[in-house]
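Structural overview
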Amino acid sequence: MSESWDVVIVGAGIVGAACAFQCASRGMRTAVVEAKSIGGGATAAGMGHIVVMDDSPAQLALTHYSQTLWQELSKTLPADVEYESCGTLWVAADDEEMLEVRRKSDVYASAGVATEVLDARTLADAEPQLRTPLAGALFVPSDAVLYPPCAAGYLMAKARSLGAKLHRRKVLSAHSGEVRLDDGTHLNSTHIVIASGADACDLLPALPIKKRKGHLVITDRYPGFVRHQLVELGYLKSAHSSTADSVAFNVQPRKTGQLLIGSSRQYGAEDTTVNQPTVAAMTERAQSYLPNIGELSAIRVWTGFRAATPDKLPLIGPWPEDDSLFLATGHEGLGITTSLGTASILADYLEGTAPAIPTAPYLPARFARSVVSA
Amino acid sequence: MTERFDILVVGAGPAGIAAAVTAAAAGKQVALVDDNPAAGGQIWRSDSKRPTTARTWLEKLAASSVVRLQGWRIVDSPSRGVLRADGKDGCRDLEYNQLVMATDARERFLPFPGWTLPNVMGAGGLDAMVRGGLPIADKRVVVAGTGPLLLAVAAHLARRGAKIVAICEQAPLRRFIPFLASLCGESAKAMQGIDYVRSTFGSKIYLGCWPVAASGNQKLETVTLRRGERQWEERCDFLACGFHLVPNLELPALMNCRIDKGFVAVDHLLQTSICGVFCAGEPIGIGGVEIALLEGEIAGLAAAGNTDAAIRLAQRRTRRLGFVRALATVTELDPRLKELATNATLVCRCEDVSFGRLRHHDSWREAKLHTRCGMGACQGRICGTAAEFLFDWDSGSIFSSVRPPLFPVRVSSLGHADTLADKGDSLASADMLASKETE
Amino acid sequence: MPELPPLYLLVNDVPVTVAPGTTVASAILIAGIPTRQSVTGEPRGPLCGMGICFECRVNIDGVQHQRSCQVLCTEGMKVRTT
């Protein structure tokens, strides 16, 4: 059976769903292929944190752009998406980290992101459960949290209401304008977008994407224990390192009153089993910042895989060597945040419009040489 | 803190007690872990009058060298040969050479309008509350669902002075005939039981009957029952409703033991697909006390290396498997029980997710992710079990996502073994446990 | 075996008398109140009686989310339901 489309998107995680919504709302005949659950991969495993991050100017630009799109969309999000603008507190443990807080404050200001520097006292008032003394924190009020599977579900539902079609099948191959499904269907399309996260390598083995395993713990309901997303400044070091296994303090209050405790990063671990020493290190780190968190009831621990690229920036745009292929993947720990920005940029490419921010840093072609030589 | 044992037995119901006692008698260093305040599991819960078999085994346990970890629950297997146990005063790692899992079964609950009202409980649930001190004399009780547990509970509650208003078994009469025939093969004791039941409850036993609604203001006041075309209401104080038992497979699934048709797969000596890991009692087939005791002994002997004795007992077990099969047949659920829930009826009680919201999804995983059904404290033990029956989702997927902790634990108990908080030796004094359990 | 004297515990500041060996869940049922409110505000009581349904969760002596069907009453215990 054969069908004809303007764009076929492989993967209905939050990035794929966001792309489907953008493409469909711009009048493109859109199909999405997803074999498993909508938002069931890394989208379901991650923290749902919408956060502006400044590991690099390109990361800052993309996360800021995307965060403003989320703020706009938040006005229409249904209750089950649980969008909450609780903001982020980047916590400084000592004076050295406080210098980092001030540096960050300046960088965010230059990008137009409002922040507030909190001293030790103000921080303790804002978050009484944090250990004292800490040096202070950077408060980013425009950051938010949400429940990702329902966000992906909402975006997909919107896309379908605008005419996008969902195929619940596995993709066997996707190239040269044709996507073959495991039921024998052939989808012919002007453009194909690979948005399948860490599984993108199944279709394009040459992609420079590696799986970066993470763990999360969720507690029972303790409303008010923590009011903002709390992240240690060392998180950036952990996310930045491209080789070492690491944990970093990162705790999120959910609208339900449950706490999400993260974060961990490991390379080379491809199985989904919970790694007890990693969880131990992660929870011990959390207890060092929130001493009473040890007494809370943890109801589940799980794992997920981030799609990581060598330079920590995603792959958004045309894939060299195949005019029909585009990528929207490799988002590491920022898939939720940058999903909307990615979708806008991608749709701009497909339409031939100029994207709202410079997008050269995210072009897949930057790895072209390594691809050709692979 | 880490402790080492030759044989670790998880679950102090009849199977676990038999396994622990038998393994200790064979000279092994044995520990028995259980999450209730006292041993006995569900069927031998502390009560004023235990059956002789229970007293005998509990006395053997008290007299044995078995190390007791009562009030501890197994939450994880942090590495090979180690289980993590969490209790009131802390958390400890238990190292073992051989493991016997006797994790028992739980009741299956099916949703119907009003099933979340206070005083609607499982049959075993209400029984446990009564054994736990709830006065039931002169209270009106409707017992419903399926399985021999209903009669056992009704009889016990009646002895305590409850007014049993009705006993509603969903199986029709024709399904009972082969079951009763298999009971005749079992023993004369069974025939006495049937006589007792008929004489005590006679007119109030309804077959092919089930509750379609419970109602009341803030708590149960009335139950609506249906039998064929007839539907009527009974005023009552409690509804004890459970649809037979399903095995507790979380620990075997976490250990990666092979699960076959909803039960742990074991060889004739009750070893699972994992070498050195054995399983006995309800998780390998719902069969009640007698076979659970036998299986406990077999597993205890096999784990202790006494293969010859284990083989002899295994032969006796084969003869009893007919009862297990007959029990499974008679407790098969009528498909009309899938239609009791309306769109507004809650299926997930932890997260308040309704039947109407769940039915649109294609799989358990998708339903879970998008409605949060099964993501609450019970981690799907109640709603997942119901969903397996209500929807045509792939049932294997409900257990393929077992993750630690098996029960909620303090965040601090997720830490490294040597940092686990342990406020000293909280092993209950053997004397204290013995006097409570053998009275 | 001599009968042990009854225990007094507080359930939402109201004294309840029970026989020794009574579980906290049964004590709450004796007090005639629900153990908790569901996430949408429904009153709930114990369901399974064996520690797996989590409907009997209460605060005992300041510690939240304890399964009361698996805890024995002790003299002076302070129980809070939601």
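If you're wondering where the values come from, they're calculated on a predicted model, not measured in any experiment.

1. What about the state of the cysteines?
- By the definition in use, this model includes 0 disulfides over all chains.
- Its sulfur unpaired, A:Cys19 is 6.2 Å from the next cysteine sulfur, which belongs to A:Cys23.
- Note on A:Cys19: relative accessible area 0%, which makes it buried.
- Of all cysteine sulfurs in the structure, the one in B:Cys257 sits closest to B:Cys275, which takes part in no disulfide; the separation is 11 Å.

2. Observations regarding the pattern of salt bridges
- Tallying each qualifying case throughout the model produces 42 salt bridges over all chains.
- With a closest N to O distance of 3.9 Å, A:Asp183 and A:Arg169 form a salt bridge. With A:Asp183 in the loop between β10 (178–181) and β11 (186–194) and A:Arg169 in the loop between β8 (165–167) and β9 (171–175), the pair connects residues that are 14 residues apart, well separated along the chain.
- A:Asp183 gets classed as partly exposed once you look at its relative accessible area, which sits at 41%.
- Of the charged contacts, one joins A:Arg212 and A:Glu332 as a salt bridge, the two residues approaching to 3.1 Å between their closest N and O atoms. With a gap of 120 residues between them, A:Arg212 in strand β12 (residues 210–221) and A:Glu332 in the loop between β18 (325–329) and α10 (335–351) connect regions that are remote in the sequence. Each member of the pair A:Arg212 and A:Glu332 is classed as buried.
- Taken together, the shared-partner salt bridges in this structure form one network comprising B:Arg349, B:Asp352, C:Arg36, C:Glu42, C:Arg44 and C:Glu55.

3. A word on the interface of chain A and chain B
- Taken together, the contact pairs 39 residues of chain A with 30 residues of chain B.
- Interface of chain A and chain B: buried area, both sides summed, is about 2700 Å²; carbon and sulfur atoms make up 48% of it.
- Area buried by chain A at its contact with chain B is led by A:Gln276, A:Ile299 and A:Arg300, which between them contribute 24% of it.
- Between the two partners, chain A and chain B, sit 3 salt bridges.
- Here A:Arg168 makes a salt bridge to B:Glu366, at a shortest N to O gap of 3.0 Å.
- Elements with a minimum of two residues in the side of chain A that touches chain B: α6 (148–161), β12, β15 (258–267), α9 (276–289) and β16 (297–308) of chain A.
- Counting residues per element, the side of chain A that touches chain B draws most heavily on α9(A), which supplies 8 residues.
- Residue classes in the side of chain A that touches chain B are distributed as 18 nonpolar, 12 polar and 9 charged.
- Bridge analysis of β16(A) against strand β22 (residues 409–410) of chain B gives 2 bridges, and the strand direction is antiparallel. Its bridge partner being in β22(B), A:Ala298 is matched across the sheet by B:Val409.

4. Quick notes on the confidence of the model for chain C
Residue and element names in this part refer to chain C.
- Of the residues in chain C, 98% reach a pLDDT of 70 or more, and the chain-wide mean stands at 94.
- Here strand β6 (residues 63–67) is the element of chain C with the lowest mean pLDDT, 92, and strand β4 (residues 43–44) is the one with the highest, 98.
- Predicted as a complex, the structure gets a pTM of 0.91 and an ipTM equal to 0.96.

5. Section: the nonpolar core
- Counting 151 residues, the largest nonpolar core has A:Leu290, A:Ile293, B:Ile17, B:Leu83, B:Leu99, B:Leu239 and B:Met255 as the members making the most contacts within it.
- No fewer than three residues from each of domain 2 (88–141) and domain 3 (210–308) of chain A sit in this core.
- Core analysis: the next-biggest nonpolar cluster, separate from the first, contains 46 residues, A:Ala17, A:Met156, A:Val193 and A:Phe326 among them.

6. Structural notes on the sheet that holds β12(A)
- Across the sheet, which stays open at both edges, the 9 strands sit in the order β5(A)-β6(A)-β4(A)-β13(A)-β14(A)-β15(A)-β12(A)-β16(A)-β22(B) with mixed pairing between neighbours. Single-partner strands in this sheet number two, and they are β5 (116–119) of chain A together with β22 of chain B.
- Summarising the sheet, strand β4 (residues 88–92) of chain A and strand β6 (residues 136–140) of chain A pair through 5 bridges and their orientation is antiparallel. Along β6(A), the bridge assignment pairs A:Val91 with A:Ala137.

Rules used throughout
Residues numbered from 1 in each chain as written. Chains lettered and ligands numbered in written order. Predicted model: local features only at pLDDT ≥ 70, side-chain atom pairs only at ≥ 80, totals over all residues. Heavy atoms only, no water. Disulfide = S-S within 2.5 Å. Buried < 20%, exposed > 50% of the residue type's maximum accessible area, 1.4 Å probe, protein only. Salt bridge = Lys/Arg side-chain N within 4 Å of Asp/Glu carboxyl O. Helix = DSSP H or I, 4+ residues; strand = E, 2+ residues; numbered from the N terminus. Contact = heavy atoms within 4.5 Å. Buried area = accessible area lost by both parts, 1.4 Å probe. Nonpolar A, V, L, I, M, F, W, Y, C, P; charged D, E, K, R; others polar. Pairing = 2+ DSSP bridges. pLDDT = per-residue confidence, 0-100. Core = buried A, V, L, I, M, F, W, Y, C linked by side-chain atoms within 4.5 Å. Domains from an automatic or database assignment.

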